[in-house]
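# Architecture at a glance
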Amino acid sequence: MSDPPLIRVLSAEEAKQRVDALAEVLMDCVEGGASVSFMAPLSAERARAFWQGVAAGVAAGDRILLVAEEPGSGELLGTVQVVFAQPENQPHRADIAKMLVHRRARRRGVGAALMREAEAAARRAGKTVLVLDTVTGGDAERLYTRLGWKRCGVIPNYALWPKGGFCDTTVFYKEVSDA
Ligand SMILES: CC(C)(COP(=O)(O)OP(=O)(O)OC[C@H]1O[C@@H](n2cnc3c(N)ncnc32)[C@H](O)[C@@H]1OP(=O)(O)O)[C@@H](O)C(=O)NCCC(=O)NCCS
């Protein structure tokens, strides 16, 4: 049995320091067929550029970056973001984005632990309505449903799989004010 993952909020400086490890998780997910904004093959350079942008967003205060680490070794197992940058009439809302768990760390509760902490971080920041979307019928859809997220509906042909072909997307929301 593995120990439970350690979930941490990264500072902007820590995010910059962990760009390579974050890129490795993203590349692994894309290589594994996850539809998470990128087409395959995803180069290390493009993956690192993405995470450098995320680190800049953390520095600007428009998002929170959480990571799951292996206790002891500190190996990066997964990550998720709470994104605040919203129109001025939605100061209470945030998006949950880029929930990614390395294939070798899946099915041991890392995704669930990341989401619980992301929700807690959003609540601490005063956010009460959270929104996300995910590939219809995938592992993530089951995860979010299990954690109490409400399913709004499906948008057909919303995105592409990393190696081509359309995939549908399911939109979810969760109210976290009284959770
Ligand atoms: C979706 C994703 C984040 C889930 O991460 P995960 O760490 O495997 O999630 P969990 O371990 O919390 O749950 C996954 C499954 O493992 C099961 N599980 C959790 N802990 C377990 C344990 N200790 N032993 C056995 N099974 C366990 C859960 O019940 C769940 O089962 P189900 O899929 O049959 O419903 C991961 O598959 C992923 O990164 N996918 C690719 C990227 C992606 O699509 N992200 C979503 C973008 S919106």
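Residues numbered from 1 in each chain as written. Predicted model: local features only at pLDDT ≥ 70, side-chain atom pairs only at ≥ 80, totals over all residues. Heavy atoms only, no water.

### Observations regarding the site of the ligand
Around the ligand lies a shell of 20 residues, among which M99, V101, G109, G111 and R142 are the nearest. In this structure, a nitrogen atom belonging to the ligand sits 2.7 Å away from a main-chain N or O atom of M99. R146 is positioned with one of its side-chain polar atoms (N or O) 2.8 Å from an oxygen atom of the ligand. Burial of the ligand by the protein amounts to 74% of the accessible area it has alone, namely 950 Å². A molecule is said to occupy a pocket when more than half its atoms come within 2 Å of that pocket's grid points, and by this definition the ligand occupies the largest pocket. Secondary-structure elements contributing two or more residues to the shell around the ligand are β4 (93-101), α4 (110-124), β5 (129-135) and α5 (139-146). Sort the elements by how many residues they give to the shell around the ligand and α5 lands first, with six residues. The residue inventory of the shell around the ligand, partitioned by class, reads ten nonpolar, three polar and seven charged. (Near = heavy atom within 4 Å. Polar contact = N/O pair within 3.5 Å; in protein donor to acceptor, adjacent residues only side chain to side chain. Areas by Shrake-Rupley, 256 points an atom, 1.4 Å probe, with all protein chains shown as cover. 1 Å grid on protein atoms, 1.4 Å probe; cavity = no way out; pocket = protein on both sides within 12 Å on 5 of 7 lines; lining within 4 Å. Sits in = over half its atoms within 2 Å of the grid points. Helix = DSSP H or I, 4+ residues; strand = E, 2+ residues; numbered from the N terminus. Nonpolar A, V, L, I, M, F, W, Y, C, P; charged D, E, K, R; others polar.)

### Let's talk about the packing of aromatic side chains
Applying the stated rule across the entire model yields four aromatic pairs. With centroids separated by 5.9 Å and ring planes inclined at 75°, the aromatic side chains of Y144 and F172 adopt a geometry described as edge-to-face. One end of the pair, Y144, is in helix α5; the other, F172, is in strand β7 (residues 166-175), with 28 residues separating them in the sequence. With a relative accessible area of 0%, F172 lands in the buried category. Through successive ring pairs, a cluster of aromatic residues spans F38, F50 and W51. A cation sits over an aromatic face here: K127 above F84, 4.9 Å from the ring centre. (Phe/Tyr/Trp six-rings, centres within 6.5 Å; stacked < 30°, edge-to-face > 60°. Buried < 20%, exposed > 50% of the residue type's maximum accessible area, 1.4 Å probe, protein only. Lys NZ or Arg CZ within 6 Å of the ring centre and 35° of its normal.)

### Focus: helix α3 (residues 44-60)
Its 17 residues place the ends of α3 24 Å apart at the C-alpha level, agreeing with the 24 Å of an ideal helix rising 1.5 Å per residue. Looking only at α3, the buried set comprises A47, W51, V54, A55, G57 and V58. An end-on view of α3 places all buried positions within 155° of arc, on one side of the element. Projecting away from the buried face of α3 at angles above 90 degrees are the exposed residues E45, A59 and A60. (Expected span 1.5 Å × (residues − 1). Arc of directions from axis to C-beta.)

### Let's talk about the pairing of strand β3 (residues 76-83)
Within β3, eight of the eight residues are buried, leaving the element largely enclosed by the surrounding structure. With seven bridges joining them, strand β2 (residues 63-69) and β3 adopt antiparallel strand pairing. Paired with A68 across the bridge in β3 is G78. Connecting the antiparallel pair β2 and β3 is a turn made up of six residues, with G72 showing a positive phi of about 90°. One ladder, built from five bridges, connects β3 with β4; its direction is antiparallel. Across the sheet, the residue bridging to G78 is V101, located in β4. (Pairing = 2+ DSSP bridges.)

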